[in-house]
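Topology and contacts: notes
Given next are the chains, with one letter for each unit.
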Amino acid sequence: MKTFAKALFAICILGCFAFAKTSTTSTKETVKIVIDAGHGGKDSGQNIKGIKEKEVVYQITQKIKELHQNKNIELYFSRPNNEFVSLEQRVEFINTIQPDLVISLHANGHPQDETKKGMEIYFSKKNKFSKENFEYGGQLSGIFIFSSAQQVEIKSANFKILSKVNAPALMLELGFLTNPEERTYLSSKEGQTEIANNILKFINEI
């Protein structure tokens, strides 16, 4: 019953945003998307029982690259390897590309509560595309809820990667590495493939 309720909620979200959203990319022949893998190099991000955030999100970007087949969408990667890239460098790279959308990938953690779980989608109200960002967040949350029946929240925050870029931008906290179940999922080939496919499905629909 709980799974059915989540699926019904996801359908409602997808339906609402399908009518509410006016695509900024619909008249363009080629859509440019930047995929930003958080952290890297000396910056591991979350590091729980040997599972490092920088490696998890990088592996997911590689899955996205491997599975991507839409010739009308050009993908750019702000961190194409496991080296450290500063936030300033990422913002400069993104603003040089002038993409139609930025998707920044991260994994969450909670210092006291290992039962904390779920995905969080962030957008910045300081970004001039904040309305589009909120709508994109709703569309993406519907895809994730429908496919994997997990909890998804949409939040606002002024992270530099969201507020300083001249493009629509979302940050995805894909789950909690401090939660044993989600840590296993995020570090598994199956989990990373599902996440990559969900992101690609979203990209193909915008």
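Residue positions are given per chain, counting from 1 as you read along its sequence in written order. Since the coordinates come from a predicted model, pLDDT governs what is reported: local features require at least 70, and pairs of side-chain atoms require 80 or more to be given and counted, while whole-chain, interface and lining totals use all residues. Values reported for side chains reflect all heavy atoms of the structure, with hydrogen atoms and water molecules removed beforehand.

The number of helices and strands found in the protein chain is 7 helices and 8 strands. When burial is assessed residue by residue, the protein chain has 49% of its 206 residues classed as buried. The long-range fraction of contacts in the protein chain, counting pairs at least 24 apart against all pairs at least 6 apart in sequence, stands at 80%. For the protein chain, the accessible surface area stands at approximately 10300 Å², while carbon and sulfur atoms represent 52% of it. Put simply, DSSP H or I for four residues or longer makes a helix, DSSP E for two residues or longer makes a strand, and each gets a number counted from the N terminus. Only protein chains enter the accessibility calculation, which uses a 1.4 Å probe; a residue is then buried when its area is under 20% of its type maximum, exposed when over 50%, and partly exposed in between. Residue contacts are defined here by distance: any two heavy atoms, one from each residue, within 4.5 Å place the two residues in contact. With residues, only the protein chains shown are counted as cover, and all accessible areas are computed by Shrake-Rupley using a 1.4 Å probe.

Take the nonpolar core next. Residues Ile33, Ile103, Leu105, Leu172 and Phe202 are the most contacted members of the largest nonpolar core, which totals 37 residues. Mapped onto this core, the elements with two or more residues apiece are β1 (31–37), α2 (53–67), β4 (73–77), β5 (101–108), β6 (119–123), α4 (130–148), β8 (169–176) and α7 (189–205). When residues of this core are assigned to their parent elements, the largest contribution, 6 residues, is made by α7. Leu172 has contacts with Ile103, Ser104, Leu105, His106, Met119, Glu120, Ile121, Leu140 and Ile199, leaving out every residue within four places of it along the chain. Among buried residues, the Ala, Val, Leu, Ile, Met, Phe, Trp, Tyr and Cys ones that are joined through side-chain atoms within 4.5 Å form a nonpolar core. If you look at the next biggest cluster of nonpolar residues, it comprises 13 residues, including Val34, Ile94, Ile97 and Leu162.

In this section: the pattern of salt bridges. A pair is scored as a salt bridge if a Lys or Arg side-chain nitrogen falls within 4 Å of a carboxyl oxygen belonging to Asp or Glu. Taken as a whole and assessed by the stated rule, the structure comprises 4 salt bridges. In this structure, Lys160 engages Glu88 in a salt bridge whose closest nitrogen and oxygen atoms are separated by 2.9 Å. Remark: Glu88 occurs in helix α3 (residues 87–97) and Lys160 occurs in helix α5 (residues 160–163); sequence separation between them is 72 residues. We classify Glu88 as partly exposed; its relative accessible area is 48%. Here Lys117 ties to Glu181 by a salt bridge, and the two come within 3.4 Å at their closest N and O atoms. Note that Lys117 is positioned in the loop between β5 and β6 and Glu181 in helix α6 (residues 180–187), a separation of 64 residues in sequence. By relative accessible area, which is 55% here, Glu181 ends up exposed.

The next subject is the environment of His68. Here His68 shows up in the loop between α2 and β4. Residue class for His68 comes out partly exposed when judged on its relative accessible area of 22%. His68 sits 133 residues away from Lys201 along the chain, and the two C-alpha atoms are 9.7 Å apart. Reaching out from His68, the side chain makes a polar contact with the backbone oxygen of Asn70 at a distance of 3.2 Å. Polar contacts involving the side chain of His68 include one to the main-chain carbonyl oxygen of Ile73, which spans 2.9 Å. For this analysis, a polar contact is any N or O atom pair within 3.5 Å, provided that within protein one partner can donate a hydrogen and the other can accept it, and provided that sequence-adjacent residues contribute only side-chain to side-chain pairs.

When pLDDT is low, close inspection of the predicted coordinates is not appropriate. On average, residues of the protein chain score 88 in pLDDT, and 85% of them reach the 70 mark or higher. In this model, residues 1–26 is a region of pLDDT below 50 whose contacts with residues beyond four sequence positions or in other chains number 34 contacts. The pLDDT value tells you how sure the predictor is about a given residue, anywhere from 0 up to 100.

Between 30 and 60 degrees the pair is tilted, below 30 it is stacked and above 60 it is edge-to-face, where a pair is any two Phe, Tyr or Trp rings, Trp via its six-membered ring, whose centres lie within 6.5 Å. A full pass over the atoms with the stated rule returns 3 aromatic pairs. Aromatic side chains Tyr122 and Phe159 sit 5.3 Å apart centroid to centroid with 70° between the ring planes, which places their arrangement in the edge-to-face category. Here Phe159 lies in the loop between β7 (152–156) and α5 and Tyr122 lies in strand β6, a separation of 37 residues in the sequence. On the accessibility criterion, Phe159 (36% relative accessible area) is partly exposed. Measuring from centroid to centroid gives 5.9 Å for Tyr136 and Phe202, while their planes differ by 85°, and the two rings are edge-to-face. Residue Tyr136 is found in helix α4, and its partner Phe202 is found in helix α7; the two are separated by 66 residues along the sequence. For Phe202, a relative accessible area of 0% corresponds to the buried category. Whether a charge sits over a ring comes down to the Lys NZ or Arg CZ being within 6 Å of the ring centre and within 35 degrees of the ring normal. Just above the ring of Phe84 sits the side chain of Lys42; from NZ or CZ to the centre is 4.7 Å.

Let us now look at unusual backbone geometry. Its identity is not glycine, yet His39 carries a phi of approximately 65°, on the positive side. Looking at where His39 falls in the secondary structure, it is placed in the loop between β1 and β2 (47–48). Given a relative accessible area of 19%, His39 falls into the buried group. With a phi angle near 55°, Gln98 is a residue other than glycine that sits in the positive phi range. By the element assignment, Gln98 lies in the loop between α3 and β5.

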